[in-house]
Each structure stands twice: as structure tokens, then as C-alpha cells.
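Chain residues, written in single-letter form:
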Amino acid sequence: LGAEITISRNDGTSSFGEAVTIGESPLDPRILWVGMDDGSLQVSRDGGSTWTEVSGNVPGLPYGTYVSRITPSAAEPGRAYAAFDGHRDGDFSPYLYRTRDFGESWEPIMDNLPSGAVNDVIEHPDNTDVLFVGTEHFLFASTDAGESWARFRNMPTTHYDDILIHPREKDLVIGTHGQSIWVLDDTRPLAEWNARTAAASAHLFSVRE
């Protein structure tokens, strides 16, 4: 425990921050990211021997905002996505950022996301421009690396806790708070959607055997 007892002596809460999210680069296992509940965001490029604090480089983010998720990208070693949750301070803004240089600089990618903390962000394994985001109320997808977002309209209005894509079936698996687990079968058509297929007069999407 820390030296300062912040609530009461025996409740297990101390003045030390706790790691709440960790991500390993799918391109290099030596690249590790860790997010803390006190807003600290750290990156290591040597397997955890040394760490660099990078949350101070995130523009427009209130100091100390809880790091809800850190997701390293498969597109390039220095790319990662970070989501932050300020609702504990009465801030329901959707904080979502992308870095391409190991956290030295960050760009916001939440321009058209509505109010509601971002809880999770994942990247499609077949197309790194396709992203999925779960927030306090809704589920979203982007096919342009976060420049714009579209809401899944046939999903419940609830807290989306966790998202993953099944590595073999490419099903989108969504865990919610109190509204069950949802599975969207076969996201490969979303991974194949791009400007070329959108402009084509016809396109045959891949199907399972």
C-alpha cells in the first residue's frame, strides 16, 4: 500500500495508481503498452526493461483521465490506439486517439462520436483501416482508420465492455454490461469495404466455404 490512505485504512485503496490495460504489439513482442487508472500511459520498446510516459503528449486530454484501453496496431510497430474514460470526474466526452510514433504524438479520431466514454477499440486483423469501438452506450465501426464512424443500429443501448474478432471465423464478439454477449457472424465483408469496392458497379464479397 502507499503511504497515503485515501479512503480508509483497510479498504485496499492506496495512493498508488494501478495498471488497468496492457497491450503487446502483434509485430514485435518487445513493444509493450500499459495504461493506468491515474491517467499514466507508458510504452516500452525493450520488453519492459525501460518505460516512457506518453500521456502528456495527448492533446486535449484532461490530466489524470483513466486509460480505459490501449490497443497496439498490426499496421506498423509505432502505431497504437488509446481510449480514455473521464466519467468518474463527470466528463462524458469520447476520448480516442491514434499514435504512429510510439506515443511521441497523438491525433484525435473521435470527431463524430457522440457523448459517452470509450471503453474499447480493436483493429480488424484482415484490414488495419477497419476499427470497432465500444462506448458507454453504443457500438461503432470505421472503415477509414477512424476518420469517420458508423453506429451499429440494431444493438442495445448499453455499456460495451469488450470486443474481439474470432481469429478463424472472423466473427465480431461483443461483451456488454447487463445485455448479454452478442456475435456478428463473419466480418470479412467489412474488411473488404474500401473506396474501390464502394465505387464499383458490382462487387462479390468473400464467403465461407
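Everything that follows concerns the structure shown earlier in this document.
First, a word on scope: everything that follows refers to the structure included in this document.

Rules of the game
- For every chain, the first residue of the written sequence is number 1, and numbering continues from 1 onward in sequence order.
- Selection of residues for local features in this predicted model requires a pLDDT of at least 70, selection of side-chain atom pairs for listing and counting requires 80 or more, and totals for whole chains, interfaces and linings are taken over all residues.
- Excluding hydrogens and water, the side-chain values take into account all heavy atoms of the structure.
- To qualify as a helix, a DSSP run of H or I must reach at least 4 residues; to qualify as a strand, a run of E must reach at least 2; elements of each kind are numbered from the N terminus.
- A 1.4 Å probe rolled over the protein chains alone gives each residue an accessible area, and that area as a share of the maximum for its type sets the label: buried under 20%, exposed over 50%, partly exposed in between.
- When a carboxyl oxygen of Asp or Glu lies within 4 Å of a side-chain nitrogen of Lys or Arg, that pair is called a salt bridge.
- If DSSP finds at least two bridges between two strands, the strands pair.
- Only heavy atoms matter for contacts: two residues are in contact if any of them lie within 4.5 Å across the pair.
- Side-chain atoms within 4.5 Å are what join buried Ala, Val, Leu, Ile, Met, Phe, Trp, Tyr and Cys residues into a set we call a nonpolar core.
- Stacked, tilted and edge-to-face pairs are distinguished by plane angle, under 30 degrees for stacked and over 60 for edge-to-face with tilted covering the rest, among Phe, Tyr and Trp rings (Trp via its six-membered ring) whose centres lie within 6.5 Å.

A look at unusual backbone geometry
Step number 1: Phi is positive for Phe102, which is not a glycine, with a value near 60 degrees.
Step number 2: With respect to the secondary-structure elements, Phe102 resides in the loop between strand E7 (95–99) and strand E8 (107–108).
Step number 3: Judged by relative accessible area, which is 16%, Phe102 ranks as buried.
Step number 4: The phi torsion at Lys170 lies on the positive side, around 65 degrees, for a residue other than glycine.
Step number 5: On the secondary structure map, Lys170 appears in the loop between strand E13 (160–165) and strand E14 (172–176).
Step number 6: With a relative accessible area of 12%, Lys170 lands in the buried category.

Overview of the pattern of salt bridges
Step number 1: By the definition in use, this model includes 12 salt bridges.
Step number 2: Taking the shortest distance from any N to any O, the salt bridge between Arg79 and Glu76 comes out at 2.8 Å.
Step number 3: Judged by its relative accessible area of 26%, Glu76 is partly exposed.
Step number 4: In this structure, Glu147 and Arg98 form a salt bridge, with 3.3 Å as the shortest nitrogen-oxygen distance. Of this pair, Glu147 sits in the loop between strand E11 (139–142) and strand E12 (150–151) while Arg98 is found in strand E7, placing the two residues 49 residues apart along the sequence.
Step number 5: We classify Glu147 as exposed; its relative accessible area is 52%.
Step number 6: Relative accessible area serves as the criterion here: at 2%, Arg98 is assigned to the buried category.
Step number 7: Members of the salt-bridge network, linked through shared partners, are Glu76, Arg79, Arg98, Arg100, Glu107 and Glu147.

Thoughts on the sheet that holds strand E5 (residues 66–72)
Step number 1: With antiparallel pairing, 4 strands are arranged side by side in an open sheet as E5-E6-E7-E8. Strands at the two margins of the open sheet, each flanked by one partner only, are E5 and E8.
Step number 2: Examined bridge by bridge, strand E6 (residues 80–85) and E7 share 5 bridges and lie antiparallel to one another. Bridge assignment links Ala80 to a residue of E7, and that residue is Thr99.

Structural notes on the environment of Ala82
Step number 1: By secondary structure assignment, the location of Ala82 is in strand E6.
Step number 2: A relative accessible area of 0% means that Ala82 is categorised as buried.
Step number 3: Remark: the alpha-carbon pair of Ala82 and Ala198, spanning 116 residues in sequence, is separated by 29 Å.
Step number 4: In this structure, Ala82 is in contact with Leu41, Arg69, Ile70, Tyr95, Leu96, Tyr97 and Trp106, ignoring residues within four places of it in sequence.

Topic: the side chain of Thr158
Step number 1: Along the polypeptide, Thr158 turns up in the loop between E12 and E13.
Step number 2: Look past the residues within four positions of Thr158 in its chain and what remains in contact with it is Thr135, Glu136, His137, Phe138, Thr176, His177 and Gln179.

Brief notes about the nonpolar core
Step number 1: With 29 residues, the main nonpolar core has Trp33, Leu41, Phe84, Leu96, Tyr97, Trp106 and Trp149 as its most contacted residues.
Step number 2: When residues of this core are traced back to their parent elements, those giving at least two are strand E3 (41–44), E5, E6, E7, strand E9 (118–124) and strand E10 (127–135).
Step number 3: Ranked by residue count, the leading element in this core is E6, at 5 residues.
Step number 4: Of all hydrophobic cores here, the second largest spans 12 residues; its members include Phe132, Tyr160, Ile163 and Ile174.

Considering the packing of aromatic side chains
The description of an aromatic ring pair uses the distance of the two centres, along with the angle that the planes make with each other.
Step number 1: With the rule as written, the count across this model stands at 4 aromatic pairs.
Step number 2: Pairing Trp33 with Trp106 gives two aromatic rings, centres 6.0 Å apart and planes at 75 degrees, and the pair type is edge-to-face. Remark: Trp106 occurs in the loop between E7 and E8 and Trp33 occurs in strand E2 (residues 32–36); sequence separation between them is 73 residues.
Step number 3: Looking at Trp33, the relative accessible area reads 0%, which means it is buried.
Step number 4: The class of Trp106 is buried, set by a relative accessible area of 7%.

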